[in-house]
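Below, each chain spelled out in residue letters.
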Amino acid sequence: MKCPYCGGEVSVNDVRCPYCGNLNPEGAAFQGEVRRRRKLNEYLRQKMRDQLRLPLAQRIMNLAIVILALLWILVTVLGMIWYLVRDPRTLGLGRPDDYESQLETLYDEGRYDELYAYMDRYSLDGQDYPQYMQMALYYYTYTDFVQYSMNCTQALEKGSIPDDFHLEYAIDSAAELMQPYIPAYPDTYPVNQENLNIYQEEARTFLLGMLKLTEDEIQILYPEEDGSGYVSFTEIEQLMELAKERLKEEGYHESEE
Amino acid sequence: MNQKNNAHHRRFFVKGLIILLLLGMNYLMFSFFFSSVVEDITYDNESRRDTRLLELTSEGEYADLYEELNLYDLYEDKYDDYWDVTDAWHLYCRFRAAEEAGSSAEAEVLRSRLLELPADQENRTAQTAVGRIQKLVREGA
């Protein structure tokens, strides 16, 4: 295009004429339009950014999710490492090569308390070693009975009726010995059956001697003739109340607890 | 506008649920792993455990002693003396039960087994406890 002042050739982008230096009105208008559009663009871009930006609550929630998820992963990983470092045997690792002969020795020597602990420590499956597991579980129940009957005798020695907790669990564990969860197989594991008989006899003597129950009353703890049977919690409680009554009659005083 | 609001609320609800779920999972993991950490810190302290065993023995809380020994699988040789005490108390309990149930023959067997228990423990508290239990039987005879 031509400059209206000097007639020189000027571009539409030029605000002033490169020859005479006068203002080029068309170039000035064009540059003004460019500036205006650039500003509008900037404004629209900012507006779009603001619209796309999530509200504060949403951002906090997202952050919380990320932090909690990372924390969960961290805790899980650290926990696993802790477990491994603390005792690899809990994951079935580090089992000694001669564990089967160890099991046999513990069983043959009648160290059933250690047998249970050993199987538990090395996560040995009861299905693979039913003989040992059965004996270990019998012994575990017996241990419970021994502990609670000891607690009861301790209270009785002091002239007081045992507290409900120990009394109830002593009768309950005696019931478990009479009707074990895993039935005895005398032909398969005679030693287990013999031991169970001894435990049952001890429980019977305790119920009759220390808790002053009668043979008839404790019959409820024995299985039916066909091997079935179930002792309910109510029945245990009834026996407990009966024992407390008898002990009271015998001159034992109520527990202070 | 309504549709937009609904979507907005739904997002809030879903995120809230996710946060609750993650909180629950974190709680479970913490309690699962770190309860054992606390347990280790509390109970792996051998001197504290030994003090507790001594206390139970000297106070005559033999049943609790038995529970403690079983609970933490204390089968090492150094705990043998405590096991002797619980053996003695167990025999005594059986003796008393047999006596009360009128099984005098069984009671006599248990009595002699209890009196035959050696009272030569290295741990003096345990030794005294065994002697005390044996004395109960002697006095009862």
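Residues numbered from 1 in each chain as written. Chains lettered and ligands numbered in written order. Predicted model: local features only at pLDDT ≥ 70, side-chain atom pairs only at ≥ 80, totals over all residues.

A closer look at the overall build of chain A
Part 1: For chain A, the helix and strand inventory stands at 9 helices and 0 strands.
Part 2: Put simply, chain A runs from its N terminus to its C terminus through helices and strands in the order α-α-α-α-α-α-α-α-α.
Part 3: Counting every position in chain A, which comprises 257 residues, the buried fraction comes to 27%.
Part 4: Look at the contacts in chain A between residues 6 or more apart in sequence, and 50% of them connect residues 24 or more apart. (Helix = DSSP H or I, 4+ residues; strand = E, 2+ residues; numbered from the N terminus. Buried ≥ 20, exposed ≤ 12 C-beta atoms within 10 Å, placed from the backbone. Contact = placed C-beta atoms within 7 Å.)

What to know about the packing of helix α6 (residues 164-178) of chain A against helix α9 (residues 233-249) of chain A
Residues and elements named next belong to chain A.
Part 1: Two elements in contact, α6 and α9, have axes separated by 10 Å at closest approach and are oriented at 125°. Here α6 lies oblique to α9, going by the angle between them. Of the two elements, α6 crosses α9, and the hand of that crossing is right-handed. When α6 is examined against α9, the residues Asp 164, Leu 167, Glu 168, Ile 171, Asp 172 and Ala 175 are found in contact with a partner set consisting of Ile 236, Leu 239, Met 240 and Ala 243.
Part 2: For the contact of α6 with α9, the per-class residue count stands at 7 nonpolar, no polar and 3 charged. (Axes fitted to C-alpha atoms, helices over the stretch in contact; angles between N-to-C directions. Parallel < 35°, antiparallel > 145°, perpendicular 65-115°, else oblique. Left-handed = near helix turned anticlockwise from the far one by under 90°. Nonpolar A, V, L, I, M, F, W, Y, C, P; charged D, E, K, R; others polar.)

Brief notes about the interface of chain B and chain A
Part 1: Facing 31 residues of chain B, the contacting portion of chain A comprises 29 residues.
Part 2: Breaking the side of chain B that touches chain A down by element, the ones donating at least two residues are α1 (2-43), α3 (62-71) and α4 (80-100) of chain B.
Part 3: Broken down by element, the side of chain B that touches chain A gets its largest block of residues, 13 residues, from α1(B).
Part 4: Classifying every residue of the side of chain B that touches chain A gives 19 nonpolar, 4 polar and 8 charged.

A few points about α9(A)
Residue and element names in this part refer to chain A.
Part 1: Relative to the 24 Å expected for 17 residues at 1.5 Å per residue, α9 spans 25 Å between its end C-alpha atoms, a close match to the ideal helical length.
Part 2: Those residues of α9 not exposed but buried are Leu 239, Met 240, Ala 243 and Leu 247. Down the axis of α9, the buried side of the element spans an arc of 105°, and every buried residue falls inside it. More than 90 degrees from the buried face of α9, the exposed residues found are Thr 234, Glu 241, Glu 245 and Glu 249. (Expected span 1.5 Å × (residues − 1). Arc of directions from axis to C-beta.)

Quick word on the environment of Tyr118(A)
All names here are of chain A.
Part 1: Locating Tyr 118 in the fold gives a position in helix α4 (residues 112-121).
Part 2: Along the sequence, Tyr 118 and Ala 136 sit 18 residues apart, while their C-alpha atoms lie 9.7 Å from each other.
Part 3: If sequence neighbours within four positions are ignored, Tyr 118 has contacts with Gln 102, Leu 103 and Leu 106.

Points about the confidence of the model for chain B
Residue and element names in this part refer to chain B.
Part 1: Across chain B, the average pLDDT comes to 86, with 88% of residues at 70 or higher.
Part 2: Element-level mean pLDDT values for chain B span from 78 in α1 up to 95 in α4.
Part 3: The complex model carries a pTM of 0.68, and its ipTM stands at 0.71. (pLDDT = per-residue confidence, 0-100.)

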